[in-house]
Amino acid sequence: MAEVYLHGTGIIPFGRYPDRTLEQLAVPAAWDALAASAASSTDIDAVYCGNVYGGMLPAQRIAAGLGLTGRPAYNVEAACSSSAVALHLAVGAIRAGELDTALVIGVEQLSVFGGGTLRLNATDPDVAQGLTMPAVYAMRAQRYLRATGATVEDLAAVSVKNHANGALNPNAQFRRLTPLDEVLKSRPIADPLTLLQCCGSGDGAAAVVVSRHRPDARTWPRAVQVTASVVDSGTVGAHDMTREDLTTRVAGQAYAAAGIGPQDLGVIELHDAFTIAELLYYEALGLCGYGEAPGLLREGVTERSGRHPVNAGGGLLSRGHPLGATGIAQVVEVAGHLRGSTTTLEHRPSVGLTHCTGGGISGYDHAVCSVHVLAVN
């Protein structure tokens, strides 16, 4: 199958833009990706857009603003994993020889809804009983603390790390340091989670150009290849709330496809919607064993200076979490580290991973999980 390379990336600063349209958020990020790739309109064979709450046909609406009509435009909704799934579909089409080059966009505008938790499916049995995503993760945190001996300070330390990283990211929505004491004393949301342990909603957009052609060495001296792209759905039934079986399964498939192991990962962007999630995903991605995630964090392994930097761009906790934009924003962040255009790490990695889950559906562990492995080639 054809190899797939990144040719251009684009992103706007995440924040709150209630006076803009969805198209006005997406088009600048897409233009930046197209400009960085030096692709003309005739080079783009298809447009993919990941979005959740943007209404009908956002891909076609955005394509019109880019002059990219008259070609396939695909709309993908998979909750928080929407644009990661869109990228997976584009990569699959290129590998299968169905097209040469695609533009993949992730965009979301949550500020138009005001505030509060995400709107979930009203017909879902758990939602009908009043269950919210913060409550779900609070229950998981309580279980994990009891099962492993981890502490509330371990949870808060995730927020401290990611906000410190986000303070260095010009595209992050929340760009300030949050000391441990401030995290612990911030407003309670769902015990043991406080406000600064929950990702913020907002608006954002990111885009990438992917192609079967190797990029010009003058613009991409370190060509970034998509060496694995895996998407899978969760299962319905009894689940251990302290483990992430779906992520473990998808990550294992991605490692096998890329010919690597977790020990090879030099930079990781994972789905830290809540502090407990990051700890659970350390273990699910194979960075450590069960119950060992707090120790990994305490030892500095996942810091910018560590062996496996995690969420060096601030993650969802600091960058913000405009659902449809997150998956591609993670790819933009990792690609920047791999090609050397982002320099906040103390080393230059050769392999990176992005991880995005999505969906709060009754009975599922998670509805969907997407993992991409990127490597310089």
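First, a word on scope: everything that follows refers to the structure included in this document. These numbers were taken from a predicted model, which means no experiment stands behind them.

1. Digging into the side chain of Arg-140
So, step 1. Inspection of the secondary structure assignment puts Arg-140 in helix 5 (residues 133–148).
So, step 2. Given a relative accessible area of 7%, Arg-140 falls into the buried group.
So, step 3. In contact with Arg-140, not counting residues within four places along its chain, are Met-241, Arg-243, Glu-244, Ile-276, Leu-280 and His-366.

2. Here's the deal with the state of the cysteines
So, step 1. Scanning all chains against the criterion turns up zero disulfides.
So, step 2. Left without a disulfide partner, Cys-80 is nearest to the cysteine sulfur of Cys-356, which lies 6.5 Å away.
So, step 3. Among the residues examined, Cys-356 registers a relative accessible area of 0% and is labelled buried.

3. Overview of the pairing of strand 2 (residues 46–50)
So, step 1. Among the five residues in strand 2, five count as buried, and that is most of the element.
So, step 2. Every second residue of strand 2 is oriented toward a common face, with Ala-46, Tyr-48 and Gly-50 on one face and Val-47 and Cys-49 on the other, all of them buried.
So, step 3. Both strand 2 and strand 4 (residues 101–109) contribute to a ladder of five bridges, which runs parallel. Paired with Tyr-48 across the strands is Val-104, a residue of strand 4.
So, step 4. Bridge analysis of strand 2 against strand 3 (residues 73–76) gives four bridges, and the strand direction is parallel.

4. Details of the packing of helix 5 against helix 9 (residues 275–284)
So, step 1. The contact between helix 5 and helix 9 brings their axes to 9 Å, and the two run at 60 degrees. As the angle between them shows, helix 5 and helix 9 are arranged oblique. Judged by the twist between their axes, the crossing of helix 5 over helix 9 is left-handed. Of the residues in helix 9, those in contact with Tyr-137, Arg-140, Ala-141 and Tyr-144 of helix 5 are Ile-276, Ala-277, Leu-280, Tyr-281 and Glu-283.
So, step 2. Of the residues in the contact of helix 5 with helix 9, the class split is seven nonpolar, no polar and two charged.

5. Re helix 12 (residues 323–339)
So, step 1. Compared with an ideal rise of 1.5 Å per residue, which puts 17 residues at 24 Å, helix 12 spans 26 Å between its outermost C-alpha atoms and is within 8% of the ideal.
So, step 2. Phi turns positive one or two residues past the end of helix 12, at Gly-340, with a value near 90 degrees.

6. A look at helix 1 (residues 22–37)
So, step 1. Its 16 residues give helix 1 an end-to-end C-alpha distance of 23 Å, which sits within 8% of 22 Å, the value for a rise of 1.5 Å per residue.
So, step 2. Looking at helix 1, one finds that the buried residues are Leu-22, Leu-25, Ala-26, Val-27, Ala-29, Ala-30, Ala-33, Leu-34 and Ser-37.
So, step 3. Considering only its buried residues, helix 1 is in contact with strand 1 (5–11), helix 2 (58–66), strand 4 and strand 7 (203–211).

Rules used throughout
- Residues numbered from 1 in each chain as written.
- Predicted model: local features only at pLDDT ≥ 70, side-chain atom pairs only at ≥ 80, totals over all residues.
- Heavy atoms only, no water.
- Helix = DSSP H or I, 4+ residues; strand = E, 2+ residues; numbered from the N terminus.
- Buried < 20%, exposed > 50% of the residue type's maximum accessible area, 1.4 Å probe, protein only.
- Contact = heavy atoms within 4.5 Å.
- Disulfide = S-S within 2.5 Å.
- Pairing = 2+ DSSP bridges.
- Axes fitted to C-alpha atoms, helices over the stretch in contact; angles between N-to-C directions.
- Parallel < 35°, antiparallel > 145°, perpendicular 65-115°, else oblique.
- Left-handed = near helix turned anticlockwise from the far one by under 90°.
- Nonpolar A, V, L, I, M, F, W, Y, C, P; charged D, E, K, R; others polar.
- Expected span 1.5 Å × (residues − 1).

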